[in-house]
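Residue-level listing of the chains:
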Amino acid sequence: MNLPVNPIIASVDFDADGIQHGFLKLPHSTDTSAWGAVMIPVMVAKNGDGPTALLTGANHGDEYEGAIALLDLARHLDLAEVTGRIIAVPMMNQPAFAAGRRTSPLDGGNMNRIFPGRPDGSPTQKIADYFNATLLPMADVVLDIHSGGRTLEFLPFAAAHELDDAEHQARCVAAMTAFNAPFGVMLRELDAAGMYDTAAESMGKTFVTTEIGGGGTTTAKTIAVAKRGVANVLMHAGILAGTPVLAPSTLLRMPSDACYIAAERAGLVEFCADLGEEVAVGDVVARVHDASRTDAGARDYTAAIGGIVAGRHFPGLVQAGDTLCVIAVPDDR
Ligand code: ZN
C-alpha cells in the first residue's frame, strides 16, 4: 500500500544558501478557483552550516504579535548575521488569519488541536502534517508565538512545559528565558493532545511558546515584546549574531486546575481584578451578571489559589465554559 503524500509544495529550497521569500502551496479546489491553492508565505534564510530555527505566528489566525514580528524579521534580516538557518512562517494557519478567526473557515480546523495532522486530511490537517513531517524534523529550536486572540487577554509571557526529560526541559526553559517576555511561565496544558507544542516536544526539539496580549489586536508594547523575543531566541541559539538583551522578567507557575476560573453560566462579566493584580484565596476575581432581568442577580467567582491575574476573558459577554480568569503564582512563593 502506498502511503498518502502531502500535496503541499514549497516554492523555496530549504537547503539553499541565501534569503528566499516564497510559499507553502496547498492545492485547494473551490467554486471560485478550480485549480486554486492556499498560499502560505514562508521565508527561509540560510548561511552555511549551523542550527535551524522554525518560527511561527498566527497558529491561531486572530493572534497578531507573531505575524507582525516575523514579517518584520523577514523584511529586515541581514544574511551576514545568520549562521545556520531560519525558517519563518508568519501566518501558519493562513486561511484562519485571512478570515480574522482563530480557526480555519475552510474546515473549522484549530491548528493547535489537530497535530500530527493528516497528509490526506482537511486543509488544516494537511498544514499540520507538513509541519509535523517536513518542517519540524529540520528544526533544532522551535518558537510558536501565540497571543490571547479575540476571546482572551494575557500578561505578556513566554512559556515552557514541564517535561519528563530534565535535560530537554532545561533547554526549553533556557530558550524561554532568552525570549525574555516580561513574564515566564512553566505551563501545564488544559489538554496537550493535538498541540503543535506536543508534536515538537515529542521530537525532542527545544520549544518555546508565548501568550502575548490578546483581544484580537496588538499594542506597541506587545509587538516590542515579540520582536525582541524573536531576536533573542535566535541569538541564544547561535543563529543570529549578538547577545540577547535581557530585561527583568518574573517567573510564574500554574500549578493546578485551581488556576483556571471558568464561567458556569452565560452573562455580562465584571472584572474585579485586572491583569497583573494580586489576588488572595477567596477574593472575588470576576462577577457575571445575569442580564435577563434587573433582579436576576450575579454570580461571583473567587480565587481558589493566591497569585496574580495572568489572563482574562475578552470581550464583555461570556458563555458557560468560557475561561474567565487565569491566576498564576510567582515562582518565589
Ligand atoms: Zn493561540
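Remember, it's a predicted structure, so these values are computed and weren't measured experimentally.

Some remarks on the coordination of the zinc ion
Okay, step 1: Donor atoms from the polypeptide that coordinate the zinc ion comprise His 60 (ND1), Glu 63 (OE), Glu 63 (OE) and His 146 (ND1), at 2.1 to 2.3 Å from the metal.
Okay, step 2: Classification of the site at the zinc ion as irregular follows from its four donor atoms and the range of 58 to 150° in their angles at the metal.
Okay, step 3: Residue class for His 146 comes out buried when judged on its relative accessible area of 3%.

Observations regarding the domain arrangement of the protein
Okay, step 1: Taken as a whole, the protein is organised into domain 1 (9-251) and domain 2 (257-330).
Okay, step 2: Between the C-alpha centres of domain 1 and domain 2 the distance comes to 30 Å.
Okay, step 3: Contacts between the two partners involve eleven residues from domain 1 and, on the opposite side, 16 residues from domain 2.
Okay, step 4: Approximately 1,100 Å² of surface area, both sides summed, lies buried where domain 1 meets domain 2, with 62% of it carried by carbon and sulfur atoms.
Okay, step 5: Our count for the domain 1 to domain 2 interface comes out at one salt bridge.

Some points on the packing of helix α4 (residues 166-179) against helix α6 (residues 220-236)
Between two packed helices, what matters for the description is the angle formed by their axes and the separation of those axes.
Okay, step 1: In contact at an axis separation of 7 Å, α4 and α6 are set at 135° when each is read in the N-to-C sense. With respect to each other, α4 and α6 are oriented oblique. In this structure, α4 meets α6 at a crossing whose hand is right-handed. Here Ala 174, Ala 175, Ala 178 and Phe 179 of α4 lie close against α6, whose contacting residues are Val 225, Ala 226, Gly 229, Val 230, Asn 232, Val 233 and His 236.
Okay, step 2: Residue composition of the contact of α4 with α6, by class: eight nonpolar, three polar and no charged.

Some thoughts on the side chain of Thr 222
Okay, step 1: Locating Thr 222 in the fold gives a position in helix α6.
Okay, step 2: Non-local contacts of Thr 222, meaning those with residues more than four positions away in its chain, are made with Glu 65, Ile 212 and Gly 213.

As for the nonpolar core
Okay, step 1: Of all hydrophobic cores here, the largest spans 34 residues; its most connected members are Leu 55, Leu 73, Ile 86, Val 230 and Leu 234.
Okay, step 2: At six residues, α6 tops the list of elements feeding residues into this core.
Okay, step 3: Filtering out sequence-adjacent residues up to four positions away, Leu 73 remains in contact with Met 43, Leu 55, Ile 86, Val 230 and Leu 234.
Okay, step 4: One finds Phe 154, Ile 308, Val 326 and Ala 328 within the second-largest nonpolar core, a separate group that totals 33 residues.

As for the pairing of strand β18 (residues 323-330)
Okay, step 1: Most of β18 sits inside the fold, with seven of its eight residues counted as buried.
Okay, step 2: Relative to β18, strand β10 (residues 250-253) runs antiparallel, the two sharing two bridges. Along β18, the bridge assignment pairs Leu 252 with Pro 330.
Okay, step 3: Where strand β11 (residues 260-262) meets β18, three bridges bridge the pair, whose relative direction is antiparallel. Within β18, the position partnered with Ile 261 by the bridge is Cys 325.

A word on the environment of His 28
Okay, step 1: One can find His 28 in the loop between β2 (18-27) and β3 (37-47).
Okay, step 2: Its relative accessible area of 21% is what places His 28 among the partly exposed residues.

The rules we used
Residues numbered from 1 in each chain as written. Predicted model: local features only at pLDDT ≥ 70, side-chain atom pairs only at ≥ 80, totals over all residues. Heavy atoms only, no water. Donors = N, O, S within 2.8 Å, 3.2 Å for Na, K, Ca; no water. Tetrahedral: all angles 85-135°; square planar, octahedral: opposite > 155°, others 65-115°. Buried < 20%, exposed > 50% of the residue type's maximum accessible area, 1.4 Å probe, protein only. Domains from an automatic or database assignment. Contact = heavy atoms within 4.5 Å. Buried area = accessible area lost by both parts, 1.4 Å probe. Salt bridge = Lys/Arg side-chain N within 4 Å of Asp/Glu carboxyl O. Axes fitted to C-alpha atoms, helices over the stretch in contact; angles between N-to-C directions. Helix = DSSP H or I, 4+ residues; strand = E, 2+ residues; numbered from the N terminus. Parallel < 35°, antiparallel > 145°, perpendicular 65-115°, else oblique. Left-handed = near helix turned anticlockwise from the far one by under 90°. Nonpolar A, V, L, I, M, F, W, Y, C, P; charged D, E, K, R; others polar. Core = buried A, V, L, I, M, F, W, Y, C linked by side-chain atoms within 4.5 Å. Pairing = 2+ DSSP bridges.

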